[in-house]
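Working through the structure, step by step
Each chain, written out:
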Amino acid sequence: MELYYSFSVLIVLASFFAYLNLRYLKLPSTIGIMIIAMVTSILMVITGNLFPKTFSHFSALLQDVDFTEVLMGAMLNFLLFAGAIHINLKDLREQRGPVIIFSTVSVVISTFAVAGLLYYIAPLLHIELPFIFCLLFGALISPTDPIAVMGVLKEAKVRKSLETKVAGESLFNDGVAVVVFAVILQLTQNSEMEISIAHISWLLVKEAVGGFLLGTLLGIGASNAIRKIDDYKVSVLITLSVVMGGYLIAHSIHISGPLTMVAAGLVIGNYGKRTAMSETTKDYLNKFWELIDEILNAVLFLFIGFELLIIQNISGYWVIGAVAILIVLFSRFLSIYIPVLLVPFKNKFSNGTIKILVWGGLRGGVSIALALSMDESPYKATLIATTYFVVVFSIIVQGLTVGKFAARVLSAEEV
């Protein structure tokens, strides 16, 4: 009953804020909901300071929600599957080089670049952060968030090849980032633990390859089952079982749930739609997953907006937050520019494409979830607050401007 109560409150608020945004702000849905939630949070904090008991029950409700488990264990699976099922595998195959490099090598480059810069700059701001915790922050902030990125790409009219690069990278880099984060997190808990290159490589291979294999098998199995029936209701139920059952299997055998969902979504969205579904089933399936995508996105960005109520004394971290924004953007540039410089990609990258990839690398709920999953330490509050500043800047500033920025850059290149 407590879970039902919490979810009911969030759905009511999400629908109300979505209405206010559509009626008055007219911003992209997810960003508008988050901004309204943030403004509401600020007003609640001010009111709560004047009348301490006014919103104590709502704050307690948010404190009780395990954001990490809700996002990483539930919502992310639905959102990744919903995103992958709409991606054209032919387009993705054409961009496989950049997608693979940016979702692996670029994550590692960004992790170490963020860590190195933060380690040397933080003491200048009278903040002491051990290098291992700087590395932890680098790992959690480096992956571009598929939920934030794909939500914005729907609004921004960029070239299909560029859209595929950004969307493909954001879908695949979660698996790598989560493994890197998990390894570094273990080091912060036990500094004597030996972490060899072979150990890390095995973890990556097990998580990534295992996730892809399981997702592919689930996708093929579901597609074959759908082919033998012609009922859109049962077909939708089958895809739901792939997401929910697939995550349980991936979790139990310790492989990447996010990559399992991406692989399953790609197979069903391409092989399944082409060989197993009637036009009616395709139509209902697309509309169902678009609706799921919209609802969960609304709830997720509502969560992010209300995180202000959970982070204590966030105003005391604005300086390190502002510096971290610049560090993350510069590290994102390095993580794109270095591979483009060194890897002989099939198609040459223009300066404009690099700029769009840098500015379009949004951070979102995944980074916040990873930050909140850290064990208690003297540095946790600093890292959570810093992450929040980067994510909010990324979603609001970069998210609202990436479409116009891309249009301006691409039109300048054509002149």
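Residues numbered from 1 in each chain as written. Predicted model: local features only at pLDDT ≥ 70, side-chain atom pairs only at ≥ 80, totals over all residues. Heavy atoms only, no water.

**Considering the overall build of the protein chain**
So the rule is basically this: The secondary structure listing takes helices from DSSP runs of H or I that are at least 4 residues long and strands from runs of E that are at least 2 residues long, numbered from the N terminus. Between the two quantities, the radius of gyration covers C-alpha atoms and the globule rule is 2.2 Å times the number of residues to the power 0.38. Between buried and exposed lies partly exposed: a residue is buried under 20% and exposed over 50% of the maximum accessible area for its type, with that area taken using a 1.4 Å probe on protein chains only. The contact rule is simple, with two residues in contact once any of their heavy atoms fall within 4.5 Å. Only four residue types enter the charge count, namely Lys and Arg as positive and Asp and Glu as negative; His and the chain termini do not. Each charge is placed at NZ for Lys, CZ for Arg, CG for Asp and CD for Glu.
In terms of regular secondary structure, the protein chain is built from 17 helices and 0 strands. Taken against the 2.2 N^0.38 rule, which gives 22 Å for 415 residues, the C-alpha radius of gyration of the protein chain at 21 Å falls within 12% of a compact globule. Across its three principal directions, the C-alpha atoms of the protein chain cover 65 × 55 × 55 Å. Counting over 415 residues, the protein chain shows a buried share of 52%. For the protein chain, the share of sequence-separated contacts (at least 6 apart) that also reach a separation of at least 24 residues comes to 84%. Taking the 27 positively charged and 27 negatively charged side chains of the protein chain as two groups, their mean positions are separated by 11 Å.

**Here we look at helix α6 (residues 96–121)**
Filter applied, for reference: Multiplying 1.5 Å by the helix residue count minus one yields the expected span of that helix. We define the bend at any residue as the angle between the axes fitted to the seven residues before and including it, ending there, and the seven starting there.
Relative to the 38 Å expected for 26 residues at 1.5 Å per residue, α6 spans 36 Å between its end C-alpha atoms, a close match to the ideal helical length. When the local axis directions of α6 are compared, the greatest deviation, roughly 35 degrees, occurs at Phe-102.

**Overview of a nonpolar patch on the surface**
For the record, the criterion: Candidate patch residues must exceed 30% relative accessible area and have no salt bridge, after which like charges are joined if within 9 Å and Val, Leu, Ile, Met, Phe, Trp or Tyr side chains if within 5 Å. Calculation of accessible area relied on Shrake-Rupley with a 1.4 Å probe; when residues are assessed, cover is drawn exclusively from the protein chains displayed. The salt bridge criterion pairs a side-chain nitrogen of Lys or Arg with a carboxyl oxygen of Asp or Glu, the two atoms within 4 Å.
A cluster of nonpolar residues, Phe-330, Phe-333, Tyr-337, Ile-338, Leu-341 and Leu-342, forms a patch on the protein surface that exposes about 570 Å² of accessible area. For Phe-333, the position within the fold is in helix α14 (residues 318–342). Owing to a relative accessible area of 31%, Phe-333 belongs among the partly exposed residues under this scheme.

**Examining the packing of α14 against helix α15 (residues 351–359)**
Where we set the bar: Between the N-to-C directions of two axes lies an angle of 0 to 180 degrees, each axis being a line fitted to C-alpha atoms and, for a helix, fitted only over the stretch in contact. What sets the label is the angle itself: under 35 degrees gives roughly parallel, over 145 gives roughly antiparallel, 65 to 115 gives roughly perpendicular, and the rest give oblique. Should the near helix be turned anticlockwise from the far one by less than a right angle, the crossing is left-handed, and should it be turned clockwise, the crossing is right-handed. Classification convention: Asp, Glu, Lys, Arg as charged; Ala, Val, Leu, Ile, Met, Phe, Trp, Tyr, Cys, Pro as nonpolar; all other residues, Gly among them, as polar.
Running from N to C, α14 and α15 cross one another at 140 degrees; their axes reach a closest spacing of 9 Å. By the criterion of interaxial angle, the relationship of α14 to α15 is oblique. In this structure, α14 meets α15 at a crossing whose hand is right-handed. Touching Leu-329, Arg-332, Phe-333, Ile-336, Tyr-337 and Val-340 of α14 are Ile-354, Leu-357, Val-358 and Trp-359, all from α15. The residue makeup of the contact of α14 with α15, split by class, is 9 nonpolar, no polar and 1 charged.

**What about the side chain of Ser-394?**
Structurally, Ser-394 can be placed in helix α17 (residues 380–414). In this structure Ser-394 comes out as buried when scored by relative accessible area, which is 1%. The residues touching Ser-394, leaving out its near neighbours within four places in the chain, are Gly-361, Leu-362, Arg-363 and Gly-399.

**Notes on the environment of Glu-413**
Topologically, Glu-413 is positioned in helix α17. Glu-413 sits in the partly exposed class, given a relative accessible area of 35%. Taking the C-alpha atoms as reference points, Glu-413 and Thr-353, separated by 60 residues in sequence, lie 9.7 Å from one another. Contacts of Glu-413, omitting those with residues within four sequence positions, involve Ser-350, Asn-351, Gly-352 and Thr-353.

**Let's talk about the side chain of Thr-260**
The line we're drawing: N or O atoms within 3.5 Å of each other form a polar contact, as long as, within protein, one can give a hydrogen and the other can take it, and as long as residues adjacent in sequence are counted only when both atoms are side-chain atoms.
Locating Thr-260 in the fold gives a position in helix α12 (residues 257–275). Thr-260 gets classed as buried once you look at its relative accessible area, which sits at 0%. A polar contact of 2.7 Å, which involves the side chain of Thr-260, links it to the backbone oxygen of Ser-256.

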